[in-house]
Amino acid sequence: MRSRSNSGVRLDYYQRILYSTIIKNQHAVTGLIPASPDQGHAWIRDNVYAAMSIWTLAMAYKKNADLDEDRAKAYELDQSVVKIMRGLLMCMMRQVEKLERFKYSQSPKDALHAKYSIEDYNTVVGDNEWGHLQIDATSLYVLMLSQMTASGLQIIFTLDEVAFIQNLVFYIEAAYRIPDYGIWERGDKTNHGLPELNASSIGMAKAALEAVNDLDLFGARGGPASMIHVLADEAQNCQAVLESMLPRESNSKEIDAALLSIVGFPAFAVEDPELIHKTKECIRRKLQGRYGCKRFLRDGYKTAREDPRRQYYEPWELHIFETIECEWPLFYIYFILDGLFSGDKVQAEEYYEALEEIVIRTENGLKLLPEMYAVPPDKVEAEKANPHSQERVAVGKIPQMWGQSLYVLSCLLKEGFVAVGELDPMNRRLITEKKPDLVVQVVILAEDKQIQEKLREYDFDVNTVSEVMPIEVHPARVLSEIYAQLGKNRKLKLSGRPSHDVGLLSTSKLYMLGDKIFAFTPQFSDPHEFYLAADTNLLLNMFHTDIAFLRTSWRQLGRPTITIILHKHMWGDIDAKKELPQSVIATLKKLKSGYTTGARVELGNIKDFLSTSCVTQLNFLANTESGDIEGLVIRESRNARIHALHAFLRYIRSSCLQVRISACSICSTRSRITRACVRLVCPSTRGDLVGGHCGATRPYAAS
């Protein structure tokens, strides 16, 4: 009989820890794990972290298998992970109608629940009985689903499940403007159940959006139908808000130890190394203690002076918790992981030694991580007089599933059983690496031959829109309508992506559908979207601003390509003017020089940029349930233009502006336009609304 190697013995030890604390509590039917053996509630966040530790142990057994038994253990552990992740998926899919409502309402009462029954996937509390809106938990699920799928696990089985995950993306993509209850489930620190904008939720959402983008949920066996798509502008919006908030967590929390999961493993959501360092140092200085880190300042949870009969605090009483906040060993593990991922072995060893002093050892040699350490009631005054001087006692769950899972994961990583790249197959840890200099590609197109000839007089050779065929050029609102097809599913009654505006990062790509190539003009250059685009000087100013934005915010493979169409309205009556506006000529000369607003630019033909541009496939359109994609782009273009006109007219009505009844001079279609409107077009013929005014002018109140 072969003897076990030392690595095999160590792996068996960690397998015993996981089995005795986590796996043995996994429900045989649903696969869900309760937060404690005496409670039948399964939290999304805790279950995902449990799945992470089991997944890590499975990879360790695969790499260090001595016997066939080890390979069998690895397979069994992998299937346990799949069962947990699929159990959570089933819980959320049972609330698909809430997901659909939330996309439009973004109301806490329509949020997916944060915890479920381990026996039947059902909810365990009412919509208003818990702080269910926890975007960080849903985002963590999407993030780890991406990482585990990239590692080779098959978690998603059907296209209906793919559509649901796509709609989960829509659920979290607006995290930067949705107040939620946060990672601690109670909202603001007074525990009055008031949601607020939390940096930890925004950061986790950003990481999830970036990780799941262009991921095939069927792995190597998938195709276009199983791909997930994310608009880059949504992740960029999350990044902008996140970096403006850090190191602050929220309006009521100056700092929060939960941010360690955002600046480091598992999210790696922050790109600025200085901001990462500033956030970690702020946590060390304000929250770190002998037994771990406080969650946030003046946190009364489980302290000796908290009144357990009341869920809420009064703002004036928060000061009584100062210096006696409970300390959580969990956050030492985040510092260990941060050191291991960044290569700082000194930091990892320092916090590992501190953690070993506070773990609880059982009679059979297993190490358990308690939820938190609290100051005993008889030592509160002494602790207040001299902070960090008193011995604390373990309270809460022993072990806490979240902390216990990360403890085993960190030990496996520290002892070399797995590598950082195996825990992060999406390479999110490299987000702080310096990016190469970016070149912004600019394509200038003329609306017609007349403008083209005028530009040639100034030695600017540009193509007309018709000359770049078969490449089709459309306004940004058409791209918005196209992406509205994403995630539609009749069986689940999912409507797909709400048709919001698309940003500059999305319109700076080229798109392919079959053998067709599409380019889209930026939102700001669309004169039919809003009349300010008819102001040439303002339009050019916005163009320069967006060039600078692309230089700092572009993260995609390939170069950004911004396409601008020069319209007649930019200089009024072109026949009556012998010269083009100087601002237009100056901008074109600047682009031709190769630099503008500090960014490198390349002015050229769109056909010459095909090999260097960022290109995205629109093949998901070929997998719509109806199967009818012939002429979809053209149809969506027409519908989007009419929709944009109607939206503008609704704005007029809601603003109670003076309107004039007018009819199209071509088809007699009647419409209302404001006196201030520079140019509007007929929704039927695209002709200008220029004549047939009846002269009736009256205020039009909002309906």
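In this report, we go over the structure that sits alongside the text. (Residues numbered from 1 in each chain as written. Predicted model: local features only at pLDDT ≥ 70, side-chain atom pairs only at ≥ 80, totals over all residues. Heavy atoms only, no water.)

### Notes on the overall build of the protein chain
At step 1: Of the regular secondary structure elements, the protein chain holds 21 helices and 20 strands.
At step 2: Within the protein chain, buried positions represent 56% of all 703 residues.
At step 3: The long-range fraction of contacts in the protein chain, counting pairs at least 24 apart against all pairs at least 6 apart in sequence, stands at 73%.
At step 4: A total accessible area of about 29400 Å² is found for the protein chain, and carbon and sulfur atoms account for 51% of it. (Helix = DSSP H or I, 4+ residues; strand = E, 2+ residues; numbered from the N terminus. Buried < 20%, exposed > 50% of the residue type's maximum accessible area, 1.4 Å probe, protein only. Contact = heavy atoms within 4.5 Å. Areas by Shrake-Rupley, 256 points an atom, 1.4 Å probe, with all protein chains shown as cover.)

### Re the pattern of salt bridges
Pairing of side chains with opposite charge becomes possible as their charged atoms draw close.
At step 1: For the structure on display, the rule yields 42 salt bridges.
At step 2: With its nearest N and O atoms 3.2 Å apart, the salt bridge here joins D127 to K98. Of the two residues, D127 is situated in the loop between strand 2 (115-117) and helix 5 (135-150) and K98 in helix 4 (residues 96-105); the sequence distance between them amounts to 29 residues.
At step 3: A salt bridge links R392 to E327, with the nearest nitrogen and oxygen atoms 3.6 Å apart. Linking R392 in the loop between helix 13 (380-385) and strand 6 (393-395) with E327 in the loop between helix 10 (273-287) and helix 11 (330-342), this pair joins segments that are 65 residues apart in sequence. Accessibility classification places R392 together with E327 in one group, the buried group.
At step 4: Here the residues in one salt-bridge network are K206, E210, E271, R428 and R555, joined through shared partners. (Salt bridge = Lys/Arg side-chain N within 4 Å of Asp/Glu carboxyl O.)

### Concerning a negative patch on the surface
At step 1: Where like charges cluster on the molecular surface, the negative patch consists of D344, E350, E353 and E357.
At step 2: Positionally, E353 belongs in helix 12 (residues 345-356). (Patch = residues over 30% accessible without salt bridge, like charges linked within 9 Å, V, L, I, M, F, W, Y side chains within 5 Å. Lys, Arg positive; Asp, Glu negative; His and termini not counted. Charge placed at Lys NZ, Arg CZ, Asp CG, Glu CD.)

### As for the packing of helix 12 against helix 14 (residues 401-414)
At step 1: For the pair helix 12 and helix 14, interaxial distance at closest approach is 13 Å and the crossing angle is 135°. The orientation of helix 12 relative to helix 14 falls into the category oblique. Where helix 12 crosses over helix 14, the two elements pack in a sense that is left-handed. Side by side, helix 12 and helix 14 meet where E349, Y352, L355 and E356 of the first sit next to Y407, C411 and K414 of the second.
At step 2: Here the contact of helix 12 with helix 14 is composed, by residue class, of 4 nonpolar, no polar and 3 charged. (Axes fitted to C-alpha atoms, helices over the stretch in contact; angles between N-to-C directions. Parallel < 35°, antiparallel > 145°, perpendicular 65-115°, else oblique. Left-handed = near helix turned anticlockwise from the far one by under 90°. Nonpolar A, V, L, I, M, F, W, Y, C, P; charged D, E, K, R; others polar.)

### Some remarks on the packing of aromatic side chains
At step 1: One pass over the full model with this rule turns up 17 aromatic pairs.
At step 2: For the pair Y332 and Y351, a centre-to-centre distance of 5.4 Å together with 65° between the ring planes defines the contact as edge-to-face. With a gap of 19 residues between them, Y332 in helix 11 and Y351 in helix 12 connect regions that are remote in the sequence. Take Y332 and Y351: they sit in the same class, and that class is buried.
At step 3: Chaining the aromatic ring pairs together yields one cluster made of Y49, W184, W328, F331, Y334 and W402.
At step 4: Here the guanidinium or amino end of R86 rests over the ring plane of F157, the centre of that ring lying 3.8 Å away.
At step 5: Of note, K115 hangs over the ring of W130, and the distance from its end group to the ring centre comes to 3.5 Å. (Phe/Tyr/Trp six-rings, centres within 6.5 Å; stacked < 30°, edge-to-face > 60°. Lys NZ or Arg CZ within 6 Å of the ring centre and 35° of its normal.)

### A short note on the sheet that holds strand 17 (residues 615-617)
Remark on secondary structure: sheet strands pair via backbone hydrogen bonds, oriented parallel or antiparallel.
At step 1: The sheet built from 4 strands is open, its strands ordered 9-13-12-17 with mixed pairing. Pairing within the sheet leaves two strands with one partner each, and these edge strands are strand 9 (472-474) and strand 17. Within the sheet, the average angular offset between the axes of one strand and its neighbour, ignoring direction, is 30°.
At step 2: Here helix 17 (residues 476-483) sits on the sheet in contact with strand 9, strand 12 (510-513), strand 13 (516-520) and strand 17, set at roughly 120° to strand 13. (Pairing = 2+ DSSP bridges.)

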